[in-house]
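Here is how the chains run, residue by residue.
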Amino acid sequence: MFSLIFDKGSESMAIFKYICRRLLILIPVLLGISLAAFLLGRIAPSDPVDDALFRIGIEFPTETDRAEMRTALGLDNPLPVQYFTWLQKVLHGDLGHSYIGNRDIAHELLTRLPITLKLSLSALMATILLGVGGGILMASCRGTWGETLLKSLSTLLLSVPSFWIALFLITIFAEQLHILPTSGLEHGVRSLILPTIALASANIGATSRLTQANILTELGQQYIIAANAKGLSQRAVMIRHAFRNSLIPIITLVGNYFGGILGGSTIIENIFSIPGLGSYVLSAIQNRDYPVIQGYVLITGTTFVLITLGIDLLYLAVNPKIRIQGDTA
């Protein structure tokens, strides 16, 4: 009894150490993201001073105007001082104001972030359900025409660009069949169906291939032969044993895909006229609105890092070996 309590306590301590180590790793990563976002506004081709003067209506500034504005923006200080001043404002939720419209950037980004996250998470769920489900189906019907058909479909999804798929879906389901809307979010969940499929298409193809390959690899292991010898059904062997033991690389791949989905939503949001972060930052790039781009890099980078942390913690539930490694590392 005491041994059981001790083992549970040791396991809890290992999990606690693992979580603390992951949280400590986040600190330099987040600082690196903030530094990259800050430098983006300083190494940009145009001068922030001229942009700021143009914003207030001074198209032909004198050197005195530039000097006064440079002092007002704090650009006359050394670069490290500028960074820490900017970082202090960021920690208080102040990302500055955009050059176009003089709007509060933090408010704009936080208003649009839930829309982009909703689209990105929908695409991620589609990747998990269709990609992993398709991989399991391909593994279960290997050697048949069904596997050939699914492999051909996954290859097609991997080969065709997402923007082409988006235009194809709009043409078929919106323009010809009139089943789904072409743009905007006025129709609720129906408005997310086409952009979700377009955004997730390539990831579905890659995930299904990886899932099938990992399951087939596990089916050749010795413990599978032992499970078959016990009289377990093929379905039970595949789901309870082969699929479960192949989850780690699948989770890793799907987690890494989220970064691509989050960044790739820019084009899809623009095609479907979705008012998320992507369309906002695309307009900022066209107008050289660098404070907006800085805020976008900071917000999306931080969001991706937090999602990655969640995936790392998910490993604890899937693979108990990590707890042991976390305790002995």
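Each value, and the rule that gives it
- Numbering of residues begins from 1 in every chain and follows the order in which that chain's sequence is written.
- For this predicted model, a pLDDT threshold of at least 70 governs which residues receive local features, and a threshold of 80 or more governs which side-chain atom pairs are given and counted, while totals over whole chains, interfaces and linings are taken from all residues.
- Excluding hydrogens and water, the side-chain figures rest on all heavy atoms present in the structure.
- Exposed residues in this analysis have more than 50% of their type's maximum accessible area, buried residues have under 20%, and partly exposed residues fall in between, with area computed by a 1.4 Å probe over protein chains only.
- Labels follow the DSSP assignment, with helices taken as runs of H or I lasting at least four residues and strands as runs of E lasting at least two, numbered in each case from the N terminus.
- Orientation is described by axes fitted as lines to C-alpha atoms, over the contacting stretch for helices, and by angles from 0 to 180 degrees between their N-to-C directions.
- For any helix crossing, the convention is left-handed if the near helix is rotated counterclockwise from the far helix by under a right angle, and right-handed if that rotation is clockwise.
- In what follows, residue pairs with any heavy atoms lying within 4.5 Å of each other are defined as contacts.
- Residue type decides the class: Asp, Glu, Lys and Arg count as charged, Ala, Val, Leu, Ile, Met, Phe, Trp, Tyr, Cys and Pro as nonpolar, and the leftover types, Gly among them, as polar.
- Any carboxyl oxygen of Asp or Glu that lies within 4 Å of a side-chain nitrogen of Lys or Arg is treated as forming a salt bridge with it.
- The aromatic pairing rule takes the rings of Phe, Tyr and Trp, using the six-membered ring of Trp, and pairs them if the centres are within 6.5 Å, calling planes under 30 degrees apart stacked, those over 60 edge-to-face and the rest tilted.
- By the criterion applied in these results, polar contacts are pairs of N or O atoms within 3.5 Å in which, for protein atoms, one can donate a hydrogen and the other can accept it, and in which residues neighboring in sequence qualify only through two side-chain atoms.
- Throughout, the protein atoms alone are placed on a 1 Å grid, and a set of points is a cavity if a 1.4 Å probe fits but cannot get out or a pocket if it is open with protein on both sides within 12 Å along at least five of seven lines; lining residues have an atom within 4 Å of a point.
- Grid points are joined across faces, edges and corners, and a volume is the space filled by probe spheres set on the points.
- Nine residue types can take part in a nonpolar core, namely buried Ala, Val, Leu, Ile, Met, Phe, Trp, Tyr and Cys, and a core is a set of them joined through side-chain atoms within 4.5 Å.
- What a helix should span is 1.5 Å times the count of its residues minus one.
- As used here, the arc belongs to the directions running from the helix axis to the C-beta atoms.

Caption draft 1: Representation of helix α12 (residues 277-286) within the structure. Considered for burial, the residues of α12 that qualify are Leu277, Gly278, Ser279, Tyr280, Val281 and Ala284. A positive backbone phi angle near 55° is found at arginine 288, which sits one or two residues after α12.

Caption draft 2: Representation of the packing of helix α5 (residues 105-140) against helix α6 (residues 145-159) within the structure. In the contact formed by α5 and α6, the axes pass within 8 Å of each other and the chain directions differ by 145°. Of the two elements, α5 crosses α6, and the hand of that crossing is left-handed. On α6, the residues that touch Gly134, Leu137 and Met138 of α5 are Glu147, Leu150 and Lys151. Across the contact of α5 with α6, the residue classes tally to three nonpolar, one polar and two charged.

Caption draft 3: Fine view of the pattern of salt bridges. Applying the stated criterion to the full structure yields three salt bridges. Close ionic contact of glutamate 108 with arginine 103 constitutes a salt bridge, the shortest N to O distance being 3.8 Å. You can call arginine 103 partly exposed: its relative accessible area is 49%. Close ionic contact of glutamate 108 with arginine 112 constitutes a salt bridge, the shortest N to O distance being 3.4 Å. Of the two residues, glutamate 108 and arginine 112 both sit in helix α5, four residues apart, roughly one turn of that helix. By the burial criterion, glutamate 108 is buried, and arginine 112 matches it. Taken together, the shared-partner salt bridges in this structure form one network comprising Arg103, Glu108 and Arg112.

Caption draft 4: How the structure looks around the packing of aromatic side chains. Within the structure shown, the criterion is met by five aromatic pairs. Ring centres 5.6 Å apart and planes at 5° place the aromatic pair tryptophan 164 and phenylalanine 168 in the stacked group. In this pair, tryptophan 164 and phenylalanine 168 are both assigned in helix α7 (residues 162-176), four residues apart and thus about one turn of the helix distant. Chaining the aromatic ring pairs together yields one cluster made of Phe38, Tyr83, Phe84 and Trp86.

Caption draft 5: Quick look at the side chain of threonine 300. Of note, threonine 300 is situated in helix α13 (residues 290-318). There is a polar contact of 2.6 Å between the side chain of threonine 300 and the backbone oxygen of tyrosine 296. Those residues in contact with threonine 300, other than ones at most four positions away along the chain, are Leu262 and Leu277.

Caption draft 6: Spatial organisation of the layout of surface pockets. By volume, the second largest pocket amounts to about 310 Å³. Along the walls of the second largest pocket sit 14 residues, with Val90, Leu91, Leu95, Leu298 and Thr302 positioned nearest its centre. Residue assignment for the lining of the second largest pocket shows that the elements contributing at least two residues are α1 (2-42), α4 (79-91), α5 and α13. For the lining of the second largest pocket, the per-class residue count stands at ten nonpolar, three polar and one charged.

Caption draft 7: Examining the nonpolar core more closely. In terms of nonpolar packing, the biggest core is built from 39 residues, with Ile165, Ala198, Leu199, Ile215, Phe243, Ile268 and Phe272 touching the most fellow members. Contributing elements (two or more residues each) for this core: α5, α7, α8 (190-219), α10 (234-245), α11 (247-271) and α13. Setting aside chain neighbours within four positions, we find leucine 199 in contact with Leu119, Ser120, Ala123, Ile261, Gly264, Ser265 and Ile268. The next biggest cluster of nonpolar side chains, apart from the first, holds 25 residues, and it includes Ile33, Phe38, Leu277 and Tyr296.

Caption draft 8: Local environment of the environment of isoleucine 215. Position of isoleucine 215 relative to the elements: it lies in helix α8. By relative accessible area, which is 0% here, isoleucine 215 ends up buried. Distance in space between the C-alpha atoms of isoleucine 215 and arginine 244 is 8.9 Å, their sequence separation being 29 residues.

Caption draft 9: Just α6, in detail. Given a rise of 1.5 Å per residue, 15 residues ought to cover 21 Å, and the 21 Å separating the end C-alpha atoms of α6 matches this to within 8%. All buried positions along α6 are accounted for by Gly146, Glu147, Ser154 and Leu157. The buried residues of α6 occupy an angular sector of 95° when projected down its axis, which confines them to one face. Structural note: α6 exposes Trp145, Thr148, Leu149 and Ser159 on the side pointing more than 90 degrees away from its buried face. Against α5, α7 and α8 lie the buried residues of α6.

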